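The residues making up each chain are set out below.
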Amino acid sequence: MPTQPTDDEHGQPTEPVSRSAAGVRAGAHARGGQPEAAAEVAPSPSPSPPAPAGMRTGAHARGSQRDIAAPAEPAAPAAPAAPAAATTAPPAPASSGPAASSFGSVQHGHDPEAVRARLAAMPRPSADDPRVLLDRTSDADLFEPIPPYPTRTEREAEFYSLGDGEMFLNVGPQHPATHGVLRLVLKLSGEQVVDVDPVIGYLHRGVEKICENSDYYHVIDQVDPLEYISSLFQEWAAVLTFEKLMDVQVPRRAEYIRVLTSELLRIASHSLYMGFLALDLGGITPILYGFIERDEIVEMLASVTGARMLFNYFRIGGVNGDLNHEFMSRLGDWMSRAAKETEANATLLNENEIFVRRARGVGVLDRETALRMGVTGGNLRASGVAFDVRRAHPYSVYPELQFNVPTRDEGDSLARYLIRVDEVRESIRIIDQCLHNMPDGPIMAKLPRLLRPRPGRAWGAVEGPRGMMGVYAISDGSDQPFRFRIHDPSLLNLETVPLLLPGNLLADTMAIVSSLDPVMGGVDK
Amino acid sequence: MSFATRTWTRMSIPARLLAIFIPLAVVLAIATVLVIVVLGGPFVDFLAANLPLVRFFVTATAVLLMTVPTAFVIIYLELKVIARMNLRIGPNRVGPWGAAMSVIHGLKVLSKEDFAPTGVDLPVFTLAPVVTYLASVMTLLVIPFAPGLFGQDLNIGVLYFFAMGGLTVVGLLMAGWSSFNKYSLLGGLRSAAQIVSYEIPLTLSAVGVVVLAGTMSMNHIVLAQSGSVFDWFVFKQPLAVIIFFIAATAEANRAPFDLTEADSEIVAGFGTEYSGMRFGFFYFAEYVNVFIVSALITTLFFGGWTAPFNWPWAYNLNWLDFSNGTLWVGIAFVALVVGTDVMAVLVRLLGGSTWSLPGTMILGFAFATVVAVGVVGLAGFIAFDWVQGLFWFMAKTYAFVFVFVWLRATLPRVRVDQLMGFAWKWLLPASLLNLFVTATAVVLLSR
Amino acid sequence: MDRSLRRHLELRLATHLRGPVRQYPDQTEIRIEAGSLVEVLRTLHDDPGLRFEILADLAGVDTGKVMQVVYHLWSERTPDWLRVIVDGLSRDDPRVPSATFLWIGAEWLEREAYDMFGIVFEGNRDLRRILMPADYTSFPLRKDFYLPDDAARSPGAGTRHVERPHAPAVVADDPNAGIRRAPVS
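The structure reproduced in this document is the subject of the present report. (Residues numbered from 1 in each chain as written. Chains lettered and ligands numbered in written order. Predicted model: local features only at pLDDT ≥ 70, side-chain atom pairs only at ≥ 80, totals over all residues. Heavy atoms only, no water.)

Points about the nonpolar core
Point 1. Counting 156 residues, the largest nonpolar core has A:Ile200, A:Phe242, A:Trp334, C:Leu44 and C:Tyr71 as the members making the most contacts within it.
Point 2. Per-element accounting of this core gives the leading share, 10 residues, to helix H7 (residues 231–246) of chain A.
Point 3. Contacts of A:Trp334, omitting those with residues within four sequence positions, involve A:Leu264, A:Ile267, A:Glu293, A:Glu296, A:Ile297, A:Met300 and A:Ile431.
Point 4. Listed in part, the 71 residues of the second largest apolar core include B:Leu202, B:Ala285, B:Leu296 and B:Val401. (Core = buried A, V, L, I, M, F, W, Y, C linked by side-chain atoms within 4.5 Å. Buried < 20%, exposed > 50% of the residue type's maximum accessible area, 1.4 Å probe, protein only. Helix = DSSP H or I, 4+ residues; strand = E, 2+ residues; numbered from the N terminus. Contact = heavy atoms within 4.5 Å.)

Here you go:
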């Protein structure tokens, strides 16, 4: 197997070089930004001269760690010396490996001893790497989810030390019931959970980074797959924030259409929630009824947005398409049955003794903890805090609509489930009002084709089915957002898991995680 | 390339199969005829001298052979019934109305790779499905399917049944322990705890029946319920029926007590590391378990093979004279040919021209066979009491199988501590109470 | 645009504010330094006139010159969102006190800010990577981390081979080149 050349075909060395301060500054957006006083962005610098051979400016220490075509040698930082003061790599906690951890190219069939020696000399790779098998000393190590690196933090050390009679159980990313790719490392004492370490990031797609390189229109498309079950809410949060940045007035008809479609999607998302909660508890029928419910709604939305799941429907200043005849006929047909059908689906679980006994009193999240955790949405309202963004900080036409914000005090899984049942009822009320009060008019504000907002910052939040979906956007005057931060409710909902699970049995694990309704797309961005 | 190789590569697959099997069949036929001619006589004499042994072997073989089609039928039933309860259709592609689905499942598990993961205890790992399967199957020996149609009429039949049924827990524990997997361990231990806990209410509620019937022989328990439908023990032991049904659901690891294989918590429980035919054994064992538990409920409480009502008119088929065998063979042949044509015509008329001629004829033959079997079955039903008994027994058993499937479609799972609490705090005292009341009543009424 | 909120903030946090309290139609913004964070957050949370009990968001920002950590808070006493910008963190060694003493939920948000920017939150018991793999050594959302499609804008044209422009593949004239067929017998 040929080794990688140390110089690439352009004559530049492929070893990483530490960054220089000059390169760092040059790395900022090299676009024209208005030098407004309020702007925080670095003013566009004159581009630095082309880097001389041997000096890699603006490069971080390592590229993708998973890049198999990495250079063969563990990269020596002592490359041709950078003339400017070589700034150190960003601070890392004490026990991280040196910047130059490279797997190298493993030469199979040659000398296993040499390979082992070289691997032993390097910091050990993560347990996900298949090449770790070469270094394995016993079979038992293969199955323990103990991290193969020295524990990095206080909490990690506390978690990964076993007491008497305890064992680790890895409810791994591939599991029939973890709502997506979520890894829960459980510390069990028999059947009782003692501690949990959730590991997320399996679905991380770098949406925020991509959005920094996208137009304001592309952002809407990128942000859809975050909480893919209820994607209009992310679009709404993004669009709301951009409208604040650009001072855009959305026509009233567009606002009503937004509310109508979003509330429909909230019902669809809650139907699915009920189905999955029942499925994780072992009932295989409610999920199919929930999907029937969702299918009708999603077909309705497909007739007006063109897509069944990732809608790409909201635009800055309005929505993409007006309501049409098919949508109205489907909606009218569904509304005539909606209340009865949703009640029937809910009573399938409400009146099921086994379900109620498994959900009542399980995973209790009290009011104070919920506030300290930053939990929002149905989970917070089930713990007694009546915080709903639609009422707390109204946006769109919600001030004109009449609806209640259901709240419960118990904070257990049953309360979280019942809150969502109540929310479905409220959503039907809102849809009814929207249909009655739908104004005429345009559905899009007049906007220039190329959107360049003034430099500034804005925050906007909407109430999604899982909680408060917020967006913090910074504009630097160019046609791409300078920083696009998405705050997803599922992340904080999931963060309560290490507080809720300990003390409960393994069987309740999935019930509790399910009742919090996490969507991993949003958690991982 | 030689002529043989060239011809072989040019043949289609059916041709290749025929080219292998026809010569093989010819050789085997000749060999069989020779064996029969040479050794046939002494062999038959040996068998005639040891009739009970013959009976035992035939019974055991029949029972073993019966389990797989039973499991197939119940699996298909479950798929279709649960689908209908979920407002969907279920399998409908692989046969008429998807009926060949179970066969396809069976072929699928046979065709998978047979491997054992690293770290398993291989002898225990391999034997666990065998133990579980055999534990379920051996109980079929004592179940009376019809008057005279049972494996053995042990006079400790009920005890034997529960003893064999309890061996399942050994198999599940073996599976859970030998798979080098924490999920399997949890599943195996859960199942051990569950089955052992629920065996006590199960047996205690059956003891009430034993006290009423005065015997542990299953055949005699059924005979004690013959007479009228109100002789069935369900009317004398209503509490025991309920306890027995719940405990039986737990014994069979069926919903809502299926936490040993709760796939939303512990992936597949004890069966996580099993695939292929090893898993197939567990799979079949579960459905055979459902069948035998339903059969036991039928036998103990619902009269076994006794009919709930008598035919209102007298009948007999003694006027049929079977002495002229050739005549009857001719009648059967003519009936099948005529029937095939009639059915083919019907299929053509009803199904339109979507079927080709061979397809129509095959379907016609299939339907004609079904009708013929139905006619013969009806004749048997009228003529032989064991056919009647078998029919009633199967009807009642499958009614309970349907109820088990219905429960699975409807109910979520019970948590393990709720399960154990229910068994020890509710079912056990209830079954003791039932036994006490039954025994008191029997003593008082016999004075 | 809650004027009373602005007055209240200027009164209670006078020594900590680094710049005027800016107000937008539905947001109020203050800037502080890292050293004041603990006191400011505690005041905002506990003061009976402020009572910012809900932490809406905790984000890191890399402006190219400095790093910032931006908190968004909500109180039921005011209709405005409050944005607290901790400004002036150096890009090479950004350190901020952790907000976990007040909001436990900030733990994962701070882990995310660390993971994406390298900002070290002192006092966070569990400051390890949350989205990227555990042994990843870069901080992706920093402005000097380039995506391949952005490489043209970076002065060094990227160091990873995916960032470098490659010559297009040579297409042979023979349509069967590169396709291996079994020899026809």
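A word on the sheet that holds strand E1 (residues 167–171) of chain A
All names here are of chain A.
Point 1. Taken in spatial order, the 3 strands of this open sheet run E1-E2-E3, and their pairing is antiparallel. Each of the sheet's edge strands pairs with one partner strand only, and the pair in question is E1 and strand E3 (192–199). Between one strand axis and the next, the sheet turns through 25° on average, direction left out of account.
Point 2. Bridging between strand E2 (residues 183–189) and E3 involves 7 bridges; their strand directions are antiparallel. Residue pairing across strands places Ser 189 opposite Gln 192, the latter belonging to E3.
Point 3. Seen against the sheet, helix H18 (residues 506–516) touches E1, E2 and E3 and runs at an angle of roughly 150° to E2. (Pairing = 2+ DSSP bridges. Axes fitted to C-alpha atoms, helices over the stretch in contact; angles between N-to-C directions.)

With respect to empty space enclosed by the protein
Residue and element names in this part refer to chain B.
Point 1. Per the counting criterion, the structure on display carries 12 cavities of 30 Å³ or more.
Point 2. What lines the largest cavity is a set of 15 residues, among which Phe 161, Gly 165, Leu 202, Glu 251 and Val 293 lie closest to the centre.
Point 3. Among the secondary structure elements, those contributing two or more residues to the lining of the largest cavity are helix H6 (157–165), helix H8 (182–213), helix H10 (238–251) and helix H11 (276–301).
Point 4. The element best represented in the lining of the largest cavity is H11, accounting for 4 residues.
Point 5. A class-by-class count of the residues in the lining of the largest cavity yields 9 nonpolar, 4 polar and 2 charged. (1 Å grid on protein atoms, 1.4 Å probe; cavity = no way out; pocket = protein on both sides within 12 Å on 5 of 7 lines; lining within 4 Å. Points joined across faces, edges and corners; volume = space filled by probe spheres on them. Nonpolar A, V, L, I, M, F, W, Y, C, P; charged D, E, K, R; others polar.)

Describing the pattern of salt bridges
Point 1. Tallied over the entire structure, the rule returns 61 salt bridges over all chains.
Point 2. Linking A:Arg330 and A:Glu326 is a salt bridge whose minimum nitrogen-to-oxygen distance equals 3.1 Å. Here A:Arg330 pairs with A:Glu326, and both are found in helix H10 (residues 325–350), just 4 residues apart, close to one helical turn.
Point 3. Residue classification places A:Arg330 among the partly exposed positions, given a relative accessible area of 32%.
Point 4. Between B:Glu286 and B:Arg254 there is a salt bridge; the shortest N-O distance is 3.3 Å. Taken together, the positions of B:Glu286 in helix H11 and B:Arg254 in the loop between H10 and H11 put the pair 32 residues apart, joining distant regions of the chain.
Point 5. Using a relative accessible area of 2% as the deciding quantity, one classes B:Arg254 as buried.
Point 6. A cluster of three or more residues bridged by salt bridges with shared partners is formed by A:Glu263, A:Arg266, A:Arg381, A:Asp388, A:Arg390, A:Glu423 and A:Glu463. (Salt bridge = Lys/Arg side-chain N within 4 Å of Asp/Glu carboxyl O.)

Some remarks on the sheet that holds strand E7 (residues 468–475) of chain A
All names here are of chain A.
Point 1. Ordered in space as E6-E7-E8, the 3 strands form an open sheet in which the pairing is antiparallel. Two strands bound the open sheet, and with one partner strand each, they are strand E6 (456–463) and strand E8 (481–487). Along the sheet, successive strands turn relative to each other by an average axial angle of 15°, direction set aside.
Point 2. With 6 bridges joining them, E7 and E8 adopt antiparallel strand pairing. Bridge assignment links Ile 474 to a residue of E8, and that residue is Arg 483.
Point 3. Contacts from helix H6 (residues 216–223) reach E7 and E8 within the one sheet, and its direction differs from that of E8 by about 25°.

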